[in-house]
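Fold and geometry: a report
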Amino acid sequence: MATRGVLSPPLDEPDLEACRDVLQILALIGDKWSIMVIGHLRDGTLRFGELHRAVTGISQRMLTRTLRQLERDGLLSRHVHPSVPPRVDYTLTELGTTLLDSVVGLGDWARTNRHEINGNRRRYDAEAAARSTAP
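The text that follows walks through the structure, step by step, so that each part is easy to find. Since the structure is predicted, the reported quantities are computational estimates derived from the model, not experimental observations. (Residues numbered from 1 in each chain as written. Predicted model: local features only at pLDDT ≥ 70, side-chain atom pairs only at ≥ 80, totals over all residues. Heavy atoms only, no water.)

1. Let's talk about the sheet that holds strand β1 (residues 46-47)
The following threshold applies: A pair of strands counts as paired when DSSP detects no fewer than two bridges linking them. Put simply, DSSP marks the helices as runs of H or I at least four residues long and the strands as runs of E at least two long, and each gets a number from the N terminus on.
Strand order in the open sheet formed by 3 strands is β1-β3-β2, and the pairing between neighbours is antiparallel. Whereas interior strands pair on both sides, the edge strands pair on one side only; in this sheet they are β1 and β2 (76-81). In this sheet, strand β3 (residues 87-92) lies alongside β2 in antiparallel orientation, the contact comprising 6 bridges. Looking at β3, one finds that V80 is bridged to V88.

Take a look at the structure:
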């Protein structure tokens, strides 16, 4: 009996459509900025400026795009407070919260294995360089 994996749709769905949907969702979730935003929202609501300071290296434009996409997908909610200047808060939705274990697990796995992976990359690159210069 074959096992069904992440990219294998339930038998009653058209394979191509389900596969496309899953790949699009994984591309969003796999985006480094999305993962970082979701991770920072795990402890509760943050304002735009707080998120911008917390997500090191992200531009305002990219943060805005990332937040809009996550809101569009229903993973976070945006609440605008009528004040001057306007205050905007972001919070994970119930759906977004269900993603936390996976995101945190991936982050933990990457932290645990980063030295081994970096060593593998250095060895591979050195071997590839040696092969390209060999007669």
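Let us keep going from here.
2. Things to note about helix α2 (residues 32-40)
Our working rule: Burial status follows relative accessibility: with a 1.4 Å probe on protein chains alone, a residue under 20% of its type maximum counts as buried, one over 50% as exposed, and anything between as partly exposed. For this analysis, residues touch if any pair of their heavy atoms sits within 4.5 Å. A 3.5 Å cut-off defines polar contacts: any pair of N or O atoms within that distance qualifies, except that in protein one atom must be a possible hydrogen donor and the other a possible acceptor, and neighbouring residues in sequence count only when both atoms are side-chain atoms.
For α2, the full list of buried residues reads W33, S34, V37, I38 and G39. Contact partners of the buried residues in α2: α1 (15-30), α3 (48-54), α4 (60-72), β2, β3 and α5 (94-133). Its side-chain oxygen 3.1 Å from the backbone nitrogen of W33, D31 forms the N-cap of α2.

3. What to know about the packing of aromatic side chains
Formally: Centres within 6.5 Å are what make two rings of Phe, Tyr or Trp a pair, Trp counting through its six-membered ring; a difference in plane orientation under 30 degrees is then read as stacked, over 60 as edge-to-face, and the rest as tilted. Only when the NZ atom of a Lys or the CZ atom of an Arg is both within 6 Å of the ring centre and within 35 degrees of the ring normal do we say a charge sits over the ring.
Enumeration according to the criterion identifies 0 aromatic pairs in this entry. The positively charged end of R131 is found above the aromatic ring belonging to Y124, 5.9 Å away from the centroid.

4. Details of the nonpolar core
Our working definition: The term nonpolar core refers to a set of buried residues drawn from Ala, Val, Leu, Ile, Met, Phe, Trp, Tyr and Cys, joined through side-chain atoms within 4.5 Å.
Core analysis: the biggest nonpolar cluster contains 22 residues, and V37, L41, L51, L67 and Y90 have the highest contact counts within it. Only α1, α2, α3, α4, β3 and α5 provide two or more residues apiece to this core. The residues contacting Y90, other than those within four sequence positions of it, are L41, G44, T45, L46, F48, L51, L67, L76, S77 and R78.

5. Section: the pattern of salt bridges
Our working definition: Basic side-chain nitrogens of Lys or Arg form a salt bridge, by our definition, when they fall within 4 Å of a carboxyl oxygen of Asp or Glu.
Taken as a whole and judged by the stated rule, the model has 2 salt bridges. Its salt-bridge partner being D89, residue R87 comes within 2.9 Å of it at the nearest N-O pair. A relative accessible area of 32% places R87 in the partly exposed class. A salt bridge links R111 to D108, with the nearest nitrogen and oxygen atoms 2.5 Å apart. Here R111 pairs with D108, and both are found in helix α5, just 3 residues apart, close to one helical turn.

So yeah, pure geometry; function would need other evidence.
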